[in-house]
Amino acid sequence: GESVGLHLPTLSVQEGDNSIINCAYSNSASDYFIWYKQESGKGPQFIIDIRSNMDKRQGQRVTVLLNKTVKHLSLQIAATQPGDSAVYFCAETRGNTPLVFGKGTRLSVIA
Amino acid sequence: DGGITQSPKYLFRKEGQNVTLSCEQNLNHDAMYWYRQDPGQGLRLIYYSQIVNDFQKGDIAEGYSVSREKKESFPLTVTSAQKNPTAFYLCASKIQGSDGYTFGSGTRLTVV
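Positions within a chain are numbered from 1, following the residues in the order the chain's sequence is written. As they are written, the chains are lettered A onward and the ligands numbered 1 onward, keeping that order. The predicted nature of this model means local features are confined to residues of pLDDT at least 70 and side-chain atom pairs, given and counted, to a pLDDT of 80 or more, with totals for whole chains, interfaces and linings taken over all residues. As a convention, hydrogens and water are excluded, and side-chain values are obtained from all of the structure's heavy atoms.

### Observations concerning the state of the cysteines
All names here are of chain A.
And then number 1: The definition used for a disulfide is geometric: two cysteine sulfur atoms within 2.5 Å. Applying the stated criterion to the full structure yields two disulfides over all chains.
And then number 2: Between the sulfur atoms of C23 and its disulfide partner C90 the distance amounts to 1.7 Å. Of the two residues, C23 is situated in strand β2 (residues 19–24) and C90 in strand β8 (residues 86–93); the sequence distance between them amounts to 67 residues.
And then number 3: Three labels apply to residues, based on accessible area from a 1.4 Å probe with only protein chains included: buried if under 20% of the type maximum, exposed if over 50%, partly exposed otherwise in between. Under the relative-accessibility criterion, C23 is labelled buried at 7%. Think of it this way: any DSSP run of H or I at least four residues long counts as a helix, any run of E at least two long counts as a strand, and we number them from the N terminus.

### Let's talk about the sheet that holds strand β3 (residues 19–25) of chain B
Sheet strands line up and pair through hydrogen bonds in the backbone, either parallel or antiparallel.
Residues and elements named next belong to chain B.
And then number 1: Two strands make a pair as long as DSSP finds a minimum of two bridges between them. Spatially, the four strands line up as an open sheet ordered β1-β3-β8-β7, and their pairing is antiparallel. The two strands at the open ends of the sheet, each matched to only one other strand, are β1 (4–7) and β7 (64–66). Looking at each pair of strands side by side, their axes are set apart by 20° on average, direction ignored.
And then number 2: Relative to β3, β1 is paired through four bridges, and the arrangement is antiparallel. Bridge pairing in β3 places Q6 opposite C23. A fitted line through C-alpha atoms serves as each axis, taken over the contacting stretch for helices, and the angle formed by two N-to-C directions is quoted from 0 to 180°.

### Topic: the packing of aromatic side chains
And then number 1: Each aromatic pair joins two rings of Phe, Tyr and Trp (for Trp, the six-membered one) with centres within 6.5 Å, and gets the label stacked for planes under 30 degrees apart, edge-to-face for over 60, and tilted for any other angle. A complete count under the given rule lists 12 aromatic pairs over all chains for this structure.
And then number 2: On the numbers, 4.5 Å between centres and 55° between planes, the contact of Y25 of chain A with F33 of chain A is tilted. There is no split in this pair, since Y25 of chain A and F33 of chain A are both buried.
And then number 3: Plain terms: the ring middles of F101 of chain A and Y35 of chain B are 5.2 Å apart, the flat faces sit at 80° to each other, and that makes the pair edge-to-face. Pair noted here: F101 of chain A is in strand β9 (residues 100–101) and Y35 of chain B is in strand β4 (residues 31–37), and the two residues belong to different chains. Note on accessibility: F101 of chain A and Y35 of chain B belong to one class, buried.
And then number 4: In textbook terms, an aromatic cluster arises when at least three aromatic residues are bridged by ring pairs, as seen for Y36, F89 and F101 of chain A together with Y33, Y35, Y48, Y101 and F103 of chain B.

Set out below in structure tokens:
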């Protein structure tokens with residue numbers, strides 16, 4: 001498949017453990033944030049989003065935390081599975097402007 | 001099934017040639033976007049279009065051109081002026097007023 005991130009930071013976790021992926025965003029005026037998952041050779045898939053008037057949002061096995069004071073976003077994945085292995089991107093936007101993506105983190109799940 | 005389709009999946013081009021990447025969506029989305037992805041650099045915005053017959057440059061528009069003659073289609077031309085065109089190109093779309101993007105599966109362009 002395509003090399004979507006040869007030099008990305010990598011997080012290795014044991015199957016069944018929780019994963020935490022961090023992201024520092026750049027624009028203090030951003031009001032909407034998204035996490036995407038990208039498997040090799042595929043386009044990014046939406047995981048979870050959060051607006052700036054919230055500091056936490058939960059989905060199925062995933063939680064996003066937003067700390068606007070330090071411009072930090074994190075994605076928590078509970079009970080990580082082999083199928084979670086992928087590159088994860090955070091993205092930010094303000095109003096109707098295009099999404100701005102972070103550099104990504106590769107998650108590697110050890111069975 | 002509704003979706004966004006990029007073609008071809010793999011594309012090879014000789015230096016000095018222009019090449020056009022296709023992006024078609026049947027989601028009735030208003031806005032469409034082109035991103036470039038290189039190893040270690042995430043996704044960078046090339047061009048975007050929020051309505052038909054209108055488009056704006058993104059962060060790395062030099063060496064690229066686009067058109068938006070139909071709502072469904074947003075082709076990207078990589079011209080010979082693009083110094084380093086080898087990359088993975090992603091097209092996305094969204095409904096105006098919503099937030100989430102739908103991405104295509106990408107086109108891998110290699111200059112030979």
